[in-house]
Amino acid sequence: MATEPAFFVRRADPDDIDTLNALYDRIYPEDAVVLESLAYFHAVDRGVLRKADQRTKFLLSLIETSFIAVTVEDEESHVVGFAVLDDTPLQLSATEDAGTDWESWFQDTFELPGIDSSNSLWFSTCLIDGDPNIMGEILRTTFSTMPELRSVLTFVPATITEDGAMKILQPFQSHFAQLDMMSDELMAMTHWAAPSLEGHPPMVLSCNRSQVIAPLGIRIARVEDHDNLAAVFDAQSEVVTSVYGDFFIAELIEAQNDENRALVAEVDGRAVGLMCLTSDVDINVLAQCFQVDPYDNLLKGPYMKRVREHSRRLMEGQDAFLCAPGDFLQVALGSMDMDALLDSIPKLEDGRINAVQLHGALQMQEFSDEVGEVLQEFEKSIMMLFWQANFLEPMLQENSLLFPSKVSECVQLFMNLDITERKAIASEVLERWAEVQDILKLTKEAMAGPGEVETEEKEEKYEENLGDLLEADTTVDTVVFFKALGQEEQGPFTQDFLAKLLITLHWWGDVDISSPLALLPEDGYREALEKVMQSEEGLFVSHPNSPSWLANMPPHSKDVFCVNMFCLDQAFQTQALDFLLPAFSLFPEKDYCIITQPHTAPNTPLLNAFTIVPPQPQNTFGHVLYLIHRASLLGPPKVVSLKPHLLEQVHPLLEVFEEETRQEIISQSKLFLQERKASE
């Protein structure tokens with residue numbers, strides 16, 4: 001069975017000029033009709049193409065000044081093709097004072113908003129010696145080299161004769177299609193896209209990326225993809241299977257969760273590539289080893305703003321905390337295995353443990369310096385927390401007995417009090433504050449005693465002015481007030497809710513409710529509740545010069561996910577970027593994707609889209625860090641002349657300048673718009 005010849009596409013070089021002249025002579029022997037059409041197609045005089053020396057200068061100028069010029073060689077290194085692509089039609093470039101704006105004419109004529117100067121190129125010339133596969137190889141190479149390229153266009157002047165078009169456009173027949181004109185309006189005869197004398201408009205031929213390179217089908221990986229993926233991995237490296245086992249890919253795919261995801265590329269029902277992703281990224285190590293500060297140390301903006309302010313205050317010698325005592329206690333409890341500690345304590349026959357033994361076990365716990373400084377008496381904090389969760393019961397004494405499960409439940413209740421839950425608790429109380437005030441009033445009346453009760457007339461006055469009563473000197477125990485708020489006493493809240501409220505107020509509201517003897521403040525904790533509502537999430541941040549600076553940042557504060565494994569069949573390597581958009585869609589709250597590679601690893605088409613992050617001087621990380629922002633997948637920004645409706649959008653961009661500079665820029669912008677309007 002005969003095989004199709006192979007072709008090699010490379011960048012054109014000025015040294016190719018002799019072979020390109022010979023190729024031109026083979027394709028276009030002396031023919032006056034074709035020569036005239038060729039001159040129109042290339043926007044030059046006929047003499048430029050007829051005379052070898054002038055044609056040489058013309059071809060050299062195309063190679064040296066165009067966006068991309070390629071030469072095609074066959075298996076015997078013979079030049080069989082040559083193509084030049086540029087960002088404007090050749091006719092536009094050759095027309096004096098025409099500028100580079102082909103889009104306005106193109107959109108008026110064809111109404112295809114998906115085609116513009118940021119994603120399209122135009123053929124300036126194309127020399128192909130017979131085989132239509134040469135054009136296919138040119139297009140495949142061009143689209144593969146430039147992932148952002150969506151369309152390749154060819155402008156066919158209206159002045160080309162039918163016979164000339166048959167010869168010149170022959171290489172385009174297999175891959176290009178003529179665009180349908182949506183407007184019958186013809187341009188002036190002096191315009192670069194002028195019609196013919198007979199009134200025929202010019203044509204535009206188009207070839208889309210999807211016609212040449214079918215996009216990879218990207219989907220969530222399935223365990224049954226293992227066999228196909230194992231073959232891809234083994235073809236590129238036998239180390240993976242030998243180190244991790246024969247079924248490690250299936251195990252990796254099966255272990256997917258919210259933090260760890262896997263995507264596969266599919267072609268004709270067969271998996272040809274795998275990308276494994278994780279949001280579990282150690283940003284502290286990256287911050288220590290790479291210059292990621294321009295990227296907010298891979299934290300979300302609001303979090304990094306607080307971290308920077310904290311660092312500034314520390315560097316100036318001021319006290320700075322981003323955490324309440326409750327945040328430190330949550331970090332401490334999160335760093336230890338409470339169940340294992342409880343299992344280590346001897347139990348009585350009924351399964352209970354002695355409070356003294358629990359106190360001693362907690363006393364043996366050790367924490368990092370930052371946590372230890374704040375929680376100097378950790379064991380007392382836990383004993384107090386246990387009472388707060390069961391505030392209607394007495395505090396633990398030396399001879400108290402308790403079930404380990406009650407301790408675990410108390411710890412779990414405390415750990416579940418994140419910023420959202422705490423604000424929800426405070427919000428519910430404030431929404432029902434009228435009921436709380438009534439109960440506070442009744443509680444104060446009860447605590448005042450019968451002998452201190454005022455006359456009926458005075459009581460009516462209190463009803464009219466509740467604020468006077470709430471400011472009375474009568475003291476109320478917090479436990480008494482909280483008991484009155486419970487549903488058992490006809491109050492609005494359950495005991496479980498009140499336990500969480502008491503814990504929230506003490507550990508995050510900056511009030512002391514450390515024992516049953518704690519007194520109720522005059523405002524009934526309203527100020528503390530409002531402080532909880534206005535509070536921000538606690539961030540456990542160390543000194544910026546500490547090795548553990550960002551080691552304890554919460555997962556949701558991180559703005560990054562990582563590609564921790566990637567493999568793609570060699571035949572589809574140039575389409576690796578097809579993975580990125582689906583990858584970002586799996587982590588919609590993350591803006592950055594990173595990859596680390598050994599210094600000796602070869603570059604790949606996937607990494608071409610990434611930016612290398614410079615290392616820190618003290619870097620100890622053995623890999624190179626690559627980074628990409630999701631906005632880079634949106635394509636390059638489009639640059640246009642200032643228009644009146646865009647002027648208002650300029651103002652926010654000028655906020656970084658001084659007032660005088662802002663006014664000058666706006667003034668000049670308005671002057672530009674006025675002069676442009678006058679010229680039109």
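On a predicted model such as this, the values are computed, not experimentally measured, just so you know. (Residues numbered from 1 in each chain as written. Predicted model: local features only at pLDDT ≥ 70, side-chain atom pairs only at ≥ 80, totals over all residues. Heavy atoms only, no water.)

Some details on the overall build of the protein chain
1) Next: When helices and strands are tallied, the protein chain shows 30 helices and 16 strands.
2) Next: With respect to the principal axes defined by its C-alpha atoms, the protein chain has extents near 125 × 70 × 45 Å.
3) Next: Of the contacts formed within the protein chain by residues at least 6 apart in sequence, a portion of 73% connects residues at least 24 apart.
4) Next: About 36,600 Å² of surface is accessible on the protein chain, with carbon and sulfur atoms providing 50% of the total.
5) Next: Each charge class in the protein chain was averaged separately, 46 positive and 112 negative side chains, and the resulting centres sit 3 Å apart. (Helix = DSSP H or I, 4+ residues; strand = E, 2+ residues; numbered from the N terminus. Contact = heavy atoms within 4.5 Å. Areas by Shrake-Rupley, 256 points an atom, 1.4 Å probe, with all protein chains shown as cover. Lys, Arg positive; Asp, Glu negative; His and termini not counted. Charge placed at Lys NZ, Arg CZ, Asp CG, Glu CD.)

Some words on unusual backbone geometry
1) Next: One non-glycine residue, Glu111, lies in the positive phi region at around 50 degrees.
2) Next: Positionally, Glu111 belongs in the loop between helix 6 (103-110) and strand 4 (120-128).
3) Next: Residue Gln490 is not a glycine yet carries a positive backbone phi of 65 degrees.
4) Next: Relative to the elements of secondary structure, Gln490 occurs in the loop between helix 25 (478-485) and helix 26 (495-508).

Describing the environment of Phe579
1) Next: Topologically, Phe579 is positioned in the loop between strand 13 (560-568) and helix 28 (580-586).
2) Next: Take Phe579: its relative accessible area is 0%, and that puts it in the buried class.
3) Next: Spatially, the C-alpha atoms of Phe579 and Asp293 are 27 Å apart, while their sequence positions differ by 286 residues.
4) Next: The residues contacting Phe579, other than those within four sequence positions of it, are Ile218, Leu263, Val264, Ala265, Gly273, Leu274, Met275, Phe566 and Leu568. (Buried < 20%, exposed > 50% of the residue type's maximum accessible area, 1.4 Å probe, protein only.)

Here we look at the sheet that holds strand 9 (residues 260-267)
1) Next: With mixed pairing, 7 strands are arranged side by side in an open sheet as 8-9-10-13-14-16-15. Strands at the two margins of the open sheet, each flanked by one partner only, are strand 8 (217-220) and strand 15 (611-613). In this sheet, neighbouring strand axes are inclined to one another by 35 degrees on average, regardless of whether the strands run parallel or antiparallel.
2) Next: Pairing geometry for strand 8 and strand 9, over 4 bridges, is antiparallel. Its bridge partner lying in strand 9, Arg219 is registered against Val264.
3) Next: Where helix 10 (residues 226-236) meets the sheet, its contacts fall on strand 9, strand 10 (270-278) and strand 13, and the angle it forms with strand 10 comes to roughly 80 degrees. (Pairing = 2+ DSSP bridges. Axes fitted to C-alpha atoms, helices over the stretch in contact; angles between N-to-C directions.)

Looking at the confidence of the model for the protein chain
1) Next: Here the protein chain averages 88 in pLDDT, while 94% of its residues score no lower than 70.
2) Next: Note on residues 451-459: pLDDT is under 50 here. Beyond four places in sequence and across chains, it has 3 contacts. (pLDDT = per-residue confidence, 0-100.)

What about helix 2 (residues 32-42)?
1) Next: Inspection of helix 2 places Val34, Leu35, Ser37, Leu38, Ala39, Phe41 and His42 among the buried residues, and these make up the whole buried set.
2) Next: Immediately downstream of helix 2, the backbone of Ala43 shows phi near 55 degrees, a positive value.

Some words on the sheet that holds strand 5 (residues 151-156)
1) Next: Here 7 strands make up an open sheet; going across it, the order is 1-2-3-4-5-7-6 and the pairing mixed. In the strand order of this sheet, the two ends are held by strand 1 (8-11) and strand 6 (177-178), each with one partner.
2) Next: Both strand 5 and strand 7 (residues 203-208) contribute to a ladder of 6 bridges, which runs antiparallel. Directly across from Leu153, in strand 7, lies its bridge partner Ser206.
3) Next: Sitting on the sheet, helix 1 (residues 17-27) touches strand 3 (79-86) and strand 4, and the angle it makes with strand 3 is about 100 degrees.
4) Next: Strand contacts of helix 7 (residues 133-145): strand 1, strand 2 (68-73), strand 3, strand 4, strand 5 and strand 7, with the helix running at about 150 degrees to strand 4, the strand carrying the most contacts.

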